[in-house]
Amino acid sequence: MADTSGPLFDIGANLLDSQLIKNFDNIVSKSIENNIRRIVITSSHINDTYEAKKLIDQHPDILYTTVGFHPHNAKDFSESHFEKMMELCKHEYVKAIGECGLDYKRNFSSKDDQIHCFNKHLELATLIDLPMFLHERDAYNDFVILLKDHIHLIEDVVVHCFTGDKKSLKSYLDLGCYIGITGWITDPKRGYHLHDLIKYIPSDKLMIETDSPYLMPFDYPIVNKKYNEPSNLIYVLDAIANILKKDKNILAKEIYNNSCRFFNIKNE
Ligand SMILES: [Zn+2]
């Protein structure tokens, strides 16, 4: 299946999803077979970080996680979580603050709750030496204002699953953000505008992710169509290499280096 020689790094996989957790052993084995060397389990709620720890204990050299409230869960955030999050940030297996940000596409939490929650995460990031794993969907204007207020005090930032336009990409790059690209780029209906935009991302700012179980890559020989999983990261890499007309191994190495540097994980 895999024909890439370098190790790969999935910066965002929702392994706590009920489908994925049921198939956890199989998913990890397939990842290892396909040379997915590191996977950051996306936490979308503070409870996820505790749950992720149980998975990480089984593969502490492969798995890591984050701590934060996804904008959909912003309504669950309360002031007492701030201290708890700060405590969790001290653990070796917690590698970023997030997934947090703003999502006005579905508004599962009110805009006010989302803005408050995101602000608290930004504040936390200014106090802690961890990067941020950020989500922005249809919320560019508010998102960039809040980010600009704090970014000079924050270690590093990735805008994960970037699906925006040229203007938002330019602002994020001007702010020094890393950009996470998913299988969205292979979606003929929604993702093709990224084919043009991706060439503007400097090679030292690009990272890749599956966002499993979502965003299954299109037009690849994937046998298990029930859910996306980290082993499919090879197809995200393949798509980007084709679009950029770049050697896949060189690209893989660059992206892997970026990811290790960003999450402060040993590059091996
Ligand atoms: Zn997200």
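Scroll up for the structure.
Structural notes, computed from the coordinates. Quick caveat: nothing in here was measured; it's all calculated off a predicted structure.

Quick notes on the overall build of the chain
Looking only at helices and strands, the chain has 10 helices and eight strands in total. Radius of gyration (C-alpha) of the chain: 17 Å, near the 18 Å computed for a compact globule of 268 residues. Its C-alpha atoms give the chain principal-axis dimensions of roughly 45 × 40 × 30 Å. Scored against the burial criterion, the 268 residues of the chain give a buried share of 47%. In the chain, of all internal contacts separated by at least 6 residues, the share reaching a separation of at least 24 is 75%.

Focus on the nonpolar core
Core analysis: the biggest nonpolar cluster contains 76 residues, and Ile-41, Ile-97, Val-158, Ile-179 and Leu-237 have the highest contact counts within it. It is helix 9 (residues 233-244) that contributes the most residues to this core, seven residues altogether.

Description of the packing of helix 9 against helix 10 (residues 248-263)
Axis angle and axis distance: for two packed helices, these are the angle between their axes and the distance between the axes, and together they describe the pair. In contact at an axis separation of 10 Å, helix 9 and helix 10 are set at 115° when each is read in the N-to-C sense. Between helix 9 and helix 10 the crossing geometry is right-handed. Contact with helix 9, carried on its side by Leu-237, Asp-238, Ile-240 and Ala-241, involves Lys-248, Leu-251 and Ala-252 of helix 10 and no other residues of that element. In terms of residue class, the contact of helix 9 with helix 10 is built from five nonpolar, no polar and two charged.

What about unusual backbone geometry?
Following Gly-98, the chain continues into Glu-99 via a peptide bond in cis, with omega recorded as 0°. With respect to the helices, strands and loops of the structure, Glu-99 is situated in strand 4 (residues 94-103). The omega torsion across Ser-212 and Pro-213 is 5°, close enough to zero to call that bond cis. Turning to its location among the elements, Pro-213 is positioned in the loop between strand 8 (206-208) and helix 9. Positive phi, normally seen in glycine, also occurs at Asp-138, with a value near 55°. Here Asp-138 shows up in the loop between strand 5 (132-137) and helix 6 (140-150). We classify Asp-138 as partly exposed; it has 14 C-beta atoms within 10 Å. In this structure, Cys-161 is a non-glycine residue whose phi angle is positive, near 45°.

As for the pairing of strand 5
With five of six residues buried, strand 5 is to be regarded as a mostly interior element. In this sheet, strand 5 lies alongside strand 4 in parallel orientation, the contact comprising six bridges. Its bridge partner lying in strand 5, Leu-102 is registered against Glu-136. Running through helix 5 (residues 111-127), the crossover from strand 4 to the neighbouring parallel element strand 5 is right-handed. Remark: the strand 5/helix 6/strand 6 (residues 157-159) crossover connection has right-handed handedness.

Cut-offs applied
- Residues numbered from 1 in each chain as written.
- Predicted model: local features only at pLDDT ≥ 70, side-chain atom pairs only at ≥ 80, totals over all residues.
- Helix = DSSP H or I, 4+ residues; strand = E, 2+ residues; numbered from the N terminus.
- Rg over C-alpha atoms; globule rule 2.2 N^0.38 Å.
- Buried ≥ 20, exposed ≤ 12 C-beta atoms within 10 Å, placed from the backbone.
- Contact = placed C-beta atoms within 7 Å.
- Core = buried A, V, L, I, M, F, W, Y, C linked by C-beta atoms within 7 Å.
- Axes fitted to C-alpha atoms, helices over the stretch in contact; angles between N-to-C directions.
- Left-handed = near helix turned anticlockwise from the far one by under 90°.
- Nonpolar A, V, L, I, M, F, W, Y, C, P; charged D, E, K, R; others polar.
- Pairing = 2+ DSSP bridges.
- Right-handed = clockwise from strand over helix to strand, strands pointing away.

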